[in-house]
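# Structural characterization, general
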Amino acid sequence: MALITTLIISSLAILTGGGILCLALSGRNSAANRLGVAVSVLGGVPAAVAAAWVLWTGQEASLRLDWSIPFGSFYIGLDGLSAFFALAIAVVCVLAAIYGEGYLRAHLADKNLGAPWFFFNLLFASMLLVVTARNGMLFLVAWEVMSLASFFLVMFEHERQEVRRAGWTYMVAMHLGTAALLVLFLMLGRGDQPLDFDCLAVPASAQAAGAAFLLALVGFGTKAGFLPLHVWLPEAHPAAPSHVSAVMSGVMIKTGIYGLLRVLTFLGPPPTWWGWTLLAVGAASGVVGVLMALAQHDLKRLLAYHSVENIGIICLGLGLGLLGLSTGNPALAVLGLAGGLLHVWNHAIFKSLLFLGAGAVAHATGTRNIEHLGGLLKKMPTTGLTFIIAAAAISGLPPLNGFVSELLIYVASFASIAGATGMSGAVAAGLVAVLALATAMALFP
């Protein structure tokens, strides 16, 4: 439908053009701060409306325009998968921007706020373009812009050595992942034809499909924070401003999940080992992520490692879904994919809330050291209440949202046990134990 694509184009234009206006206001920090949040809200609403409409009605829309870039066309579209992620991006970015306007007031006198608002809105626009792009070259351009915009946001306090180290670690990791994606799209292309998604070739052999899957796992897994590709995540999240950390952890790393799911639709029926690979990666990420979180004293670093854990839980759900597809078990496929996708949204909500709460605590106390933060509930009751709710949700406690998605993955795990024998049954039982262990350790103080 023309209206849906018009709304998406409007969002991209408002966010990009408004971001440039923020940059032009460099030196007029109060005006740039107010304009930055207004641009995010005005740019986010059309995208949210378009995504919600697609999810509600099941309709799809696309727009294709020729351009002169090799292998490329400006081809965007919104289907159920894109809308699912686009709505989360719009909601989290708008709320984070509103929070960010107050958060950045503390830097009116010592920072140029036009630049961070330009990069924030550019990050917002690039994430929307990533999930709506229908051409490989356009996708890679949006992916690179997303990485660069988030890099400059991480480097907001670049005068600190640890921030510079975190920023460069992030940049190196992102470009290694992008290199894998470039090879992936070249593999899937057809000679000199445009890399439009509806023209990409299904790999001719099982070996080629497996290589493409592994490239996607590395390229998108680097952004998502899969173990052992997570090295940038506990460095960059604590370094960034809190509203940026909320966006990066809440939705930006989920673009890796989106990309993996989108590419899987190009590769044909999945063999069983793809599902087992995702299960192994998810189990390792879940357990190691929560173990590393328990060892942290920095509040934002602790939350960053919990992102690794929850990405692992999402990966477990996707792995179970692929196992269901490869073994002809529709119940397992639906439960696994539904649990993983629901956890994408759940994690976006409660992790964003936790990072925003951490920012409020750091702003009020001047420290993120957990050992020095006792007794805050009496002094900050509203922040404390919201933080407790989000902490209970990330721990998977009923009746909160984290419990529902993890329950679906548990049920899928038991379904995989029921349909497995021998070694497969033992591995499936071990998967349930791993998920239970990660959930239990998330409850530790």
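For the structure itself, look to the data block above.
A brief structural summary. (Residues numbered from 1 in each chain as written. Predicted model: local features only at pLDDT ≥ 70, side-chain atom pairs only at ≥ 80, totals over all residues. Heavy atoms only, no water.)

### Remarks on the pairing of strand S2 (residues 73–78)
Successive residues of a regular strand alternate their side chains across the two faces of the sheet. Counting buried residues along S2, six of its six residues qualify, which places the element largely inside the surrounding structure. By the bridge criterion, six bridges tie strand S1 (residues 61–66) to S2 in an arrangement that is antiparallel. Its bridge partner being in S2, Leu65 is matched across the sheet by Phe74. Between the end of S1 and the start of S2, which pair antiparallel, lie six residues, with Phe71 showing a positive phi angle near 65 degrees. (Buried < 20%, exposed > 50% of the residue type's maximum accessible area, 1.4 Å probe, protein only. Helix = DSSP H or I, 4+ residues; strand = E, 2+ residues; numbered from the N terminus. Pairing = 2+ DSSP bridges.)

### A closer look at the packing of aromatic side chains
According to the stated counting rule, one finds 19 aromatic pairs in the structure shown. With 6.4 Å between their ring centres and 55 degrees between their planes, Phe139 and Phe197 make a pair best called tilted. Residue Phe139 is found in helix H5 (residues 136–154), and its partner Phe197 is found in the loop between helix H6 (161–188) and helix H7 (206–224); the two are separated by 58 residues along the sequence. Considered together, Phe139 and Phe197 belong to a single accessibility category, that of buried residues. Geometry around Phe156 places Lys111 over its ring, the cationic atom sitting 5.1 Å from the centre. The positively charged end of Lys223 is found above the aromatic ring belonging to Trp143, 5.3 Å away from the centroid. (Phe/Tyr/Trp six-rings, centres within 6.5 Å; stacked < 30°, edge-to-face > 60°. Lys NZ or Arg CZ within 6 Å of the ring centre and 35° of its normal.)

### Some remarks on helix H12 (residues 299–327)
For an α-helix, 3.6 residues make a turn, and residues three or four places apart therefore share a direction. For H12, which comprises 29 residues, the first-to-last C-alpha distance of 42 Å matches the rise-based estimate of 42 Å (1.5 Å per residue) to within 8%. Where H12 terminates, the next one or two residues include Gly328, which has phi positive at roughly 70 degrees. (Expected span 1.5 Å × (residues − 1).)

### Quick look at the pattern of salt bridges
One pass over the full model with this rule turns up nine salt bridges. Here Asp196 makes a salt bridge to Arg64, at a shortest N to O gap of 2.7 Å. Linking Asp196 in the loop between H6 and H7 with Arg64 in strand S1, this pair joins segments that are 132 residues apart in sequence. Through salt bridges with shared partners, a single ionic network connects Arg64, Asp196 and Asp198. (Salt bridge = Lys/Arg side-chain N within 4 Å of Asp/Glu carboxyl O.)

### Focus: the packing of helix H2 (residues 29–57) against helix H4 (residues 114–132)
With their axes 9 Å apart at the nearest point, H2 and H4 run at an angle of 10 degrees to one another. One finds that H2 runs roughly parallel with respect to H4. Within the contact between the two elements, H2 uses Asn29, Ala32, Asn33, Gly36, Val37, Val39, Ser40, Gly44 and Ala47 and H4 uses Gly114, Trp117, Phe120, Asn121, Phe124 and Leu128. Of the residues belonging to the contact of H2 with H4, the class tally is eight nonpolar, seven polar and no charged. (Axes fitted to C-alpha atoms, helices over the stretch in contact; angles between N-to-C directions. Parallel < 35°, antiparallel > 145°, perpendicular 65-115°, else oblique. Contact = heavy atoms within 4.5 Å. Nonpolar A, V, L, I, M, F, W, Y, C, P; charged D, E, K, R; others polar.)

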